[in-house]
Amino acid sequence: MELRQLRAFLAVADELHFGRAAERLHIGQSPLSQTIRALERELGTDLFVRTTRSVQLTAAGEALVTPARIIEAQIALVRDIASAASTGETGRVTVGFGGTGGYTVLSALTRSLADSHPGIELELRPQMYSGEVLDALRRGTLDMGIVGLPIPRGFETHTVREETLMVAVPARHHLSTHDSVSPEDLATERFVMYPAEHGSVVRDATLSVCATAGFTPTVAHEAPDPYSLLAMVGAGVGIAVVVESTAHLSMDGVVYLPIAGATPTLKIAMAWRPNNPTPAVHTVTRVLKEQP
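As annotated in an unreviewed UniProt entry, the protein carries the name LysR family transcriptional regulator and is attributed to Rhodococcus baikonurensis. If you open the UniProt record of the protein and go to Sequence similarities (unreviewed entry), you find "Belongs to the LysR transcriptional regulatory family."

So this is what it looks like as structure tokens:
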């Protein structure tokens with residue numbers, strides 16, 4: 001059974017006239033009659049009672065109308081789904097990110113997509129360092145990801161935030177009552193940092209700040225995520241350089257201090273492969289760029 005046969009059947013069932021049905025389908029009346037005959041032979045029963053003056057549905061024809069309409073609607077739905085996916089109106093996009101700044105950016109992006117392209121779903125994969133995001137983008141296991149700039153060539157990026165660096169210290173630390181701290185004030189401190197092997201841009205920024213101040217930091221402990229890092233700071237294990245959005249995390253025993261002087265900043269961007277074949281990715285990047 002072919003879809004064209006069902007369409008021909010429904011046209012005749014609606015019109016109860018082969019001439020009008022043929023005009024509706026933009027085919028000749030003779031080919032239409034042959035199509036209906038072929039369908040009847042395949043089903044082993046007549047679908048219409050034909051006379052020189054009228055066309056009527058048989059009991060079998062009456063029974064076939066509803067299932068045929070359901071099949072036609074399902075085929076139309078399949079076409080719509082395929083068309084929407086090919087034009088980026090529907091689809092799933094995987095996004096890797098880490099830190100509180102990532103949550104803020106993706107929260108706004110998710111709301112925008114829900115309003116403008118509800119058929120697109122963002123599959124969020126949190127607690128990923130920049131290096132891990134870039135590796136996953138290269139392997140094709142992520143569609144997009146939030147990273148700290150700069151990054152190697154080969155990726156498209158769109159800057160989404162500019163984070164100011166701050167210092168998190170224990171509440172009872174001797175620096176906790178200061179209005180701000182200079183990098184030189186940290187030369188004798190013990191640091192809590194993110195692991196080196198994951199490609200943390202915050203760790204890289206910390207090392208850069210310390211190097212500019214003329215010292216190499218003493219790493220007391222490494223933490224896998226912002227919550228663990230702040231918990232260690234609050235416990236007095238060490239201090240940590242963090243991005244400004246981290247200060248939105250309320251953690252007992254932790255005080256945030258601005259860095260005096262020319263405050264270091266870190267640009268945060270969404271990154272993706274320019275040759276990603278998923279149409280929905282291009283829709284998401286367009287919506288992202290249109291956000292204020």
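Outline the side chain of Ser130, listing residues and values.
Mapping Ser130 onto the fold places it in helix α6 (residues 130–139). What Ser130 contacts, discounting residues up to four positions off in sequence, is Ile146, Val147, Gly148, Gly199 and Val201.

Give a description of the UniProt feature "domain: HTH lysR-type" (unreviewed entry) in the protein that names residues and reports values.
As annotated in UniProt, the feature "domain: HTH lysR-type" (unreviewed entry) corresponds to residues 1–58 in the numbering used here. In residues 1–58, the share of helix is 62% and the share of strand is 10%. The end C-alpha atoms are 19 Å apart.

Requested: an account of the pattern of salt bridges, with residues and values cited.
The full count for this structure, using the stated rule, is 13 salt bridges. The salt bridge partner of Glu123 is Arg92, with a shortest N-O separation of 3.5 Å. In this pair, Glu123 is assigned in strand β4 (residues 120–125) and Arg92 in strand β3 (residues 91–96), connecting sequence segments 31 residues apart. Put simply, Glu222 and Arg203 hold a salt bridge, and the shortest N to O gap is 3.0 Å. Placement of the pair is Glu222 in strand β8 (residues 218–222) and Arg203 in helix α7 (residues 201–212), with a sequence separation of 19 residues. We classify Arg203 as buried; its relative accessible area is 13%. One continuous salt-bridge network, built from bridges that share partners, spans Asp14, Glu15, Arg20, Arg24 and Arg69.

Mind laying out the nonpolar core, listing which residues take part and the relevant values?
Formed by 55 residues in total, the largest nonpolar core has its most connected members in Val93, Leu109 and Met270. Setting aside residues up to four positions removed in sequence, Leu109 forms contacts with Leu122, Met270, Val284, Val287, Leu288 and Gln291. Residues Ala8, Ala11, Ala13 and Leu39 belong to the second largest nonpolar core, which totals 20 residues.

How each quantity is defined
- Residues numbered from 1 in each chain as written.
- Predicted model: local features only at pLDDT ≥ 70, side-chain atom pairs only at ≥ 80, totals over all residues.
- Heavy atoms only, no water.
- UniProt positions renumbered as here; feature names shortened; annotations may be inferred.
- Helix = DSSP H or I, 4+ residues; strand = E, 2+ residues; numbered from the N terminus.
- Contact = heavy atoms within 4.5 Å.
- Salt bridge = Lys/Arg side-chain N within 4 Å of Asp/Glu carboxyl O.
- Buried < 20%, exposed > 50% of the residue type's maximum accessible area, 1.4 Å probe, protein only.
- Core = buried A, V, L, I, M, F, W, Y, C linked by side-chain atoms within 4.5 Å.

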